[in-house]
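Here is what each chain is made of, one letter per residue.
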Amino acid sequence: SLDERRDAARAAVELALKDASTGAALMTSLISKSDSDLIAVKEGRGRDYALTIRLRTKNHFGNVMQKGQATVAGGSYKLQMPSGYVQCWFRGSSGQVLVSSPRPVNDGRWHTIRCERTYGGVILSIDGRIVASRAGRTGTISNAWPISIGGKTECNQIDVGCDYFAGEIDYV
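The text that follows walks through the structure, step by step, so that each part is easy to find. (Residues numbered from 1 in each chain as written. Predicted model: local features only at pLDDT ≥ 70, side-chain atom pairs only at ≥ 80, totals over all residues. Heavy atoms only, no water.)

Following the sequence through the fold, Q96 ends up in strand β6 (residues 95–100). Relative accessible area serves as the criterion here: at 52%, Q96 is assigned to the exposed category. When the C-alpha atoms of Q96 and T138 are compared, they prove to be 5.2 Å apart, with 42 residues separating the residues in sequence. Beyond its immediate sequence surroundings of up to four residues, Q96 is in contact with W89, F90, R91, R137 and T138. Here W89 takes part through its side chain, which lies 2.9 Å from a polar atom of the side chain of Q96. (Helix = DSSP H or I, 4+ residues; strand = E, 2+ residues; numbered from the N terminus. Buried < 20%, exposed > 50% of the residue type's maximum accessible area, 1.4 Å probe, protein only. Contact = heavy atoms within 4.5 Å. Polar contact = N/O pair within 3.5 Å; in protein donor to acceptor, adjacent residues only side chain to side chain.)

On to the environment of I126, then. Its location among the elements puts I126 in strand β8 (residues 121–126). Sequence separation between I126 and C115 is 11 residues, and the spatial gap between their C-alpha atoms is 9.0 Å. The contacts of I126, once residues within four sequence positions are left out, are V86, S101, V105, H111, T112, I113 and V131.

The next thing to look at is the nonpolar core. Counting residues in each nonpolar core, the largest one holds 26 residues, and the members touching the most others are I53, L55, V86, F90, I113 and L124. Elements that contribute at least two residues to this core include exactly β2 (49–56), β3 (63–67), β4 (76–80), β5 (87–92), β6, β7 (111–118), β8 and β10 (147–149). Looking at this core, the element that brings in the most residues is β2, giving four residues. In contact with L55, not counting residues within four places along its chain, are V64, M81, R109, W110, H111, I113, F165, E168 and I169. (Core = buried A, V, L, I, M, F, W, Y, C linked by side-chain atoms within 4.5 Å.)

What follows deals with the sheet that holds strand β11 (residues 168–171). On the basis of which strands lie adjacent, the open sheet formed by five strands has the order β9-β8-β7-β2-β11 and antiparallel pairing. Each end of this open sheet is capped by a strand with a single partner; those strands are β9 (129–135) and β11. Sheet twist, expressed as the average angle between the axes of neighbouring strands with direction ignored, equals 25 degrees. Across six bridges, the pairing between β8 and β9 is antiparallel. Its bridge partner lying in β9, G121 is registered against A135. (Pairing = 2+ DSSP bridges. Axes fitted to C-alpha atoms, helices over the stretch in contact; angles between N-to-C directions.)

Rendered as structure tokens:
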């Protein structure tokens, strides 16, 4: 059933991200999920949705989570951390909206980051507090790319950098 497949996918992602008995991070490479039935994000059609992840890092850059890349047809979105500042970027049929945290979060402590796309804009929350928001419509975001965690799915480090995230991820 679809519920069983969803549960199995969640369990596989959780195992890939951490050791359940010790809580130690195990993620050492990119995770990608292309079966859209198993991802609970409803794109386009004016629906609101959010990307939430708990992480810690002392590093200064990385694409934490994304779907598509900057020039992909159908739009894209990503959560990234240039210079340790969290950025949420959504690009769709009606435009693009980018929000940035006022302070870096690459302090080695655990942080829960939420990027929420609503009909009217984008909201960034860190550790349960709204830290940035911006009004603006993105419209439909719908592409055939998988959601990737920890870096880009299409890169070669020559023409397109992979922008790997270096840190620990507890859950997505």
